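# Analysis of the macromolecular model
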Amino acid sequence: MKTDAILQKEVQDALIWEPQLKGADIGVITRDGIVTLTGTVDSYYKKTEAEKVVKKVSGVKALVEKITVKLNPEKSFNDTYIAGKILELFRSSFSIPDESIFVFVEKGWVTLEGTVNWNYQKEAAKNVVAGLMGVCGITNNITTKSDRKDAVKKMP
């Protein structure tokens, strides 16, 4: 098992090597395989990228994420713009059934609600929103409900 110091160094190195995280101010605390990320980033996308990077480091058993998204005031967008852009992106995606997803935006935080048939549709909706400038967080309350009815074979 790796020591906390070795794991911390490996996580820090992984974050440094991720090109999307250049300029991000992310701190790393480790204890018994639990990694805590702290600090601030300027987009929700960078926050999720940091999480993805850490999950790939060998020896990480759990992740506690305390990164704050602090948008640059010069690059911030109002909620109406964000909501409109999300709907536009949903309409142009073949993977997202836009008619069954409701979008709510408050101070840059996006909540997605509705029902889709497949989990990939739920993930596609979240991924589209995560890459949008001005978004500082996402709550994905989309549920999946497949129309597929599998036959259950009863044992004699």
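This text gives an overview of the structure that appears in the document.

Each value, and the rule that gives it
- Residues numbered from 1 in each chain as written.
- Predicted model: local features only at pLDDT ≥ 70, side-chain atom pairs only at ≥ 80, totals over all residues.
- Heavy atoms only, no water.
- Helix = DSSP H or I, 4+ residues; strand = E, 2+ residues; numbered from the N terminus.
- Rg over C-alpha atoms; globule rule 2.2 N^0.38 Å.
- Buried < 20%, exposed > 50% of the residue type's maximum accessible area, 1.4 Å probe, protein only.
- Contact = heavy atoms within 4.5 Å.
- Salt bridge = Lys/Arg side-chain N within 4 Å of Asp/Glu carboxyl O.
- Axes fitted to C-alpha atoms, helices over the stretch in contact; angles between N-to-C directions.
- Parallel < 35°, antiparallel > 145°, perpendicular 65-115°, else oblique.
- Left-handed = near helix turned anticlockwise from the far one by under 90°.
- Nonpolar A, V, L, I, M, F, W, Y, C, P; charged D, E, K, R; others polar.
- Pairing = 2+ DSSP bridges.
- Right-handed = clockwise from strand over helix to strand, strands pointing away.
- Phe/Tyr/Trp six-rings, centres within 6.5 Å; stacked < 30°, edge-to-face > 60°.

### Let's talk about the overall build of the protein chain
Each helix and strand in the protein chain was counted, giving four helices and six strands. Counting from the amino terminus, helix and strand elements in the protein chain follow one another as α-β-β-α-β-α-β-β-α-β. What you see for the protein chain is a C-alpha radius of gyration of 19 Å, clearly larger than the 15 Å of a compact globule of 156 residues, by over 25%. For the protein chain, the spread of C-alpha atoms along the three principal axes comes to 60 × 50 × 20 Å. Evaluated residue by residue, the protein chain yields a buried proportion of 34% over its 156 residues. Across the protein chain, contacts joining residues at least 24 apart in sequence account for 65% of those joining residues at least 6 apart.

### Here we look at the pattern of salt bridges
If you walk through the whole model with that rule in mind, you get six salt bridges. Here Lys2 makes a salt bridge to Glu10, at a shortest N to O gap of 2.2 Å. The class of Glu10 is partly exposed, set by a relative accessible area of 30%. Between Glu49 and Lys52 there is a salt bridge; the shortest N-O distance is 3.4 Å. Placement of both Glu49 and Lys52 in helix α2 (residues 44–55) is noted, with a separation of three residues, approximately one turn of the helix. By relative accessible area, which is 44% here, Lys52 ends up partly exposed.

### Quick notes on the packing of helix α3 (residues 79–91) against helix α4 (residues 119–130)
Contact pair α3 / α4: the axes reach a minimum separation of 10 Å and the direction vectors enclose 135°. With respect to their mutual orientation, α3 and α4 come out oblique. In this structure, the crossing between α3 and α4 has a hand that is right-handed. In contact with Ile86, Leu89 and Phe90 of α3, α4 contributes Ala125, Val128 and Val129.

### Focus: the packing of helix α1 (residues 4–17) against α2
As a packed pair, α1 and α2 sit with axes 9 Å apart at the nearest point and diverge in direction by 135°. In terms of their interaxial angle, α1 and α2 are classed as oblique. Considering only the axes of α1 and α2, their crossing is right-handed. Where α1 abuts α2, its residues Val11, Ala14 and Leu15 lie against Ala50, Val53 and Val54. The residue inventory of the contact of α1 with α2, partitioned by class, reads six nonpolar, no polar and no charged.

### What to know about the pairing of strand β6 (residues 137–144)
On a regular strand, one side chain projects to one face of the sheet and the next to the other, so that they alternate. Sheet analysis places strand β5 (residues 109–116) next to β6, joined by eight bridges and oriented parallel. Residue Thr111 lies in a different strand from β6, and its bridge partner there is Thr139. At this point the chain moves from β5, through α4, to the parallel β6, and the crossover so formed is right-handed.

### Observations concerning the packing of aromatic side chains
In this structure the tally under the stated criterion is one aromatic pair. On the basis of an interplanar angle of 20° and a centroid distance of 4.9 Å, the ring pair of Phe77 and Tyr81 is categorised as stacked.

### So, the sheet that holds β6
With respect to topology, three strands assemble into an open sheet ordered β4-β5-β6, the strand pairing being mixed. Edge strands, defined here as strands with exactly one partner in the open sheet, are β4 (101–106) and β6. Across the sheet, the axes of successive neighbouring strands diverge by a mean angle of 10°, strand direction being ignored. The sheet strands contacting α3 are β4 and β5, and the helix crosses β4 at an angle near 155°. Relative to the sheet, α4 contacts β4, β5 and β6, its axis offset from that of β6 by approximately 165°.

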